[in-house]
Amino acid sequence: MNKQTLATVLNSNSGFAPLALRIPIGITFIAHGAQKLFGAFGGYGLEGTGQWMASIGLEPGYLMALLAGSGEFFGGLLILLGLVTRPAALVLAMTMVVAIFSVHFQNGLFMSNNGYEFGLALLAAAVSLVFSGSGKVALDNFIAKKLA
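Conventions and cut-offs
- Residues numbered from 1 in each chain as written.
- Predicted model: local features only at pLDDT ≥ 70, side-chain atom pairs only at ≥ 80, totals over all residues.
- Heavy atoms only, no water.
- Core = buried A, V, L, I, M, F, W, Y, C linked by side-chain atoms within 4.5 Å.
- Buried < 20%, exposed > 50% of the residue type's maximum accessible area, 1.4 Å probe, protein only.
- Helix = DSSP H or I, 4+ residues; strand = E, 2+ residues; numbered from the N terminus.
- Phe/Tyr/Trp six-rings, centres within 6.5 Å; stacked < 30°, edge-to-face > 60°.
- Axes fitted to C-alpha atoms, helices over the stretch in contact; angles between N-to-C directions.
- Parallel < 35°, antiparallel > 145°, perpendicular 65-115°, else oblique.
- Left-handed = near helix turned anticlockwise from the far one by under 90°.
- Nonpolar A, V, L, I, M, F, W, Y, C, P; charged D, E, K, R; others polar.
- Contact = heavy atoms within 4.5 Å.
- Patch = residues over 30% accessible without salt bridge, like charges linked within 9 Å, V, L, I, M, F, W, Y side chains within 5 Å.
- Areas by Shrake-Rupley, 256 points an atom, 1.4 Å probe, with all protein chains shown as cover.
- Salt bridge = Lys/Arg side-chain N within 4 Å of Asp/Glu carboxyl O.
- Arc of directions from axis to C-beta.

A. Spatial organisation of the nonpolar core. Counting residues in hydrophobic clusters, the biggest one holds 15 residues, and the most contacted among them are Ile 25, Phe 29, Ile 79, Leu 92, Met 96, Leu 122 and Leu 123. Of all the secondary-structure elements, those providing two or more residues to this core are helix 2 (17-38), helix 5 (85-104) and helix 6 (117-132). In terms of residue count, helix 5 provides more of this core than any other element does, six residues in total. Listed in part, the eight residues of the second largest apolar core include Ala 34, Leu 46, Met 53 and Ala 68.

B. Broad picture of the packing of aromatic side chains. What the rule picks out here adds up to four aromatic pairs. Note on Phe 38 and Phe 73: the rings are 5.3 Å apart at their centroids and 90 degrees apart in plane angle, and the pair reads as edge-to-face. Residue Phe 38 is located in helix 2, and its partner Phe 73 is located in helix 4 (residues 61-81); the two are separated by 35 residues in the primary sequence. Exposure remark for Phe 38: the relative accessible area of 52% places this residue in the exposed category. The structure contains a cluster of three or more aromatic residues connected by ring pairs, namely Phe 38, Phe 73 and Phe 74.

C. Local environment of the packing of helix 2 against helix 4. Remark: helix 2 packs on helix 4, axes separated minimally by 7 Å, with the N-to-C direction vectors making an angle of 150 degrees. When the axes of helix 2 and helix 4 are compared, the pair comes out roughly antiparallel. The handedness of the crossing between helix 2 and helix 4 is left-handed. Looking at side-chain class alone, the contact of helix 2 with helix 4 contains 16 nonpolar, six polar and three charged residues.

D. Seen up close, the environment of Val 9. Turning to its location among the elements, Val 9 is positioned in helix 1 (residues 3-10). Classification of Val 9 by relative accessible area gives partly exposed; the value is 24%. Taking the C-alpha atoms as reference points, Val 9 and Asp 140, separated by 131 residues in sequence, lie 8.7 Å from one another. Contact partners of Val 9, with chain neighbours within four places excluded, come to Arg 86 and Pro 87.

E. Looking closely at a nonpolar patch on the surface. A contiguous nonpolar patch, built from Tyr 62, Leu 63, Leu 66 and Leu 67 and spanning about 360 Å² of accessible area, is present on the exposed surface. One can find Leu 63 in helix 4. On the basis of relative accessible area, Leu 63 is assigned to the partly exposed category, the value being 40%.

F. Helix 7 (residues 139-147), seen in detail. Asp 140, Asn 141 and Ala 144 are the residues of helix 7 that are buried. Axial view of helix 7: buried residues confined to an arc of 95 degrees, hence all on one face. Facing away from the buried side of helix 7, by more than 90 degrees, are the exposed residues Phe 142 and Lys 146. In the core, the buried residues of helix 7 are packed alongside helix 1 and helix 5.

G. Unusual backbone geometry, seen in detail. Pro 60 follows Glu 59 through a cis peptide bond whose omega is -10 degrees. As for its placement among the helices and strands, Pro 60 is situated in the loop between helix 3 (45-55) and helix 4. Here the phi dihedral of Val 84 falls at roughly 40 degrees; this positive angle occurs in a residue that is not glycine. Topologically, Val 84 is positioned in the loop between helix 4 and helix 5. Judged by relative accessible area, Val 84 falls into the partly exposed class, the value being 29%.

Printed below as a string of structure tokens:
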């Protein structure tokens with residue numbers, strides 16, 4: 001990737017609004033990823049999450065748990081920092097599409113029935129960050145200015 005392409009990916013003309021998304025969404029994804037990877041916050045860790053993923057047809061379960069957990073944990077961390085925000089948000093958006101359609105969609109919209117409303121909200125926030133970029137207060141902005 002050349003310098004100009006990298007600057008284009010990192011550059012964001014957005015103001016402070018993406019920061020309002022990045023902080024809670026980053027924290028939420030980090031926590032959910034930590035559940036899958038490390039068993040934190042009452043999660044099942046890679047083994048347990050992998051077994052569950054295999055049981056719903058996402059095979060191989062351990063690899064799927066590793067991919068989902070890593071995408072959520074590291075993607076959330078990158079979004080929180082505002083570092084490679086657009087690619088991280090794209091990975092998280094794809095993760096949410098898989099979660100919505102493989103786990104939640106058949107249960108309807110509402111969370112009270114294990115529905116997809118929370119996943120849909122996370123998907124919308126991630127897609128918003130793909131379009132807007134990280135905004136003014138972010139490492140992306142700092143790096144893009146150095147590359148220019």
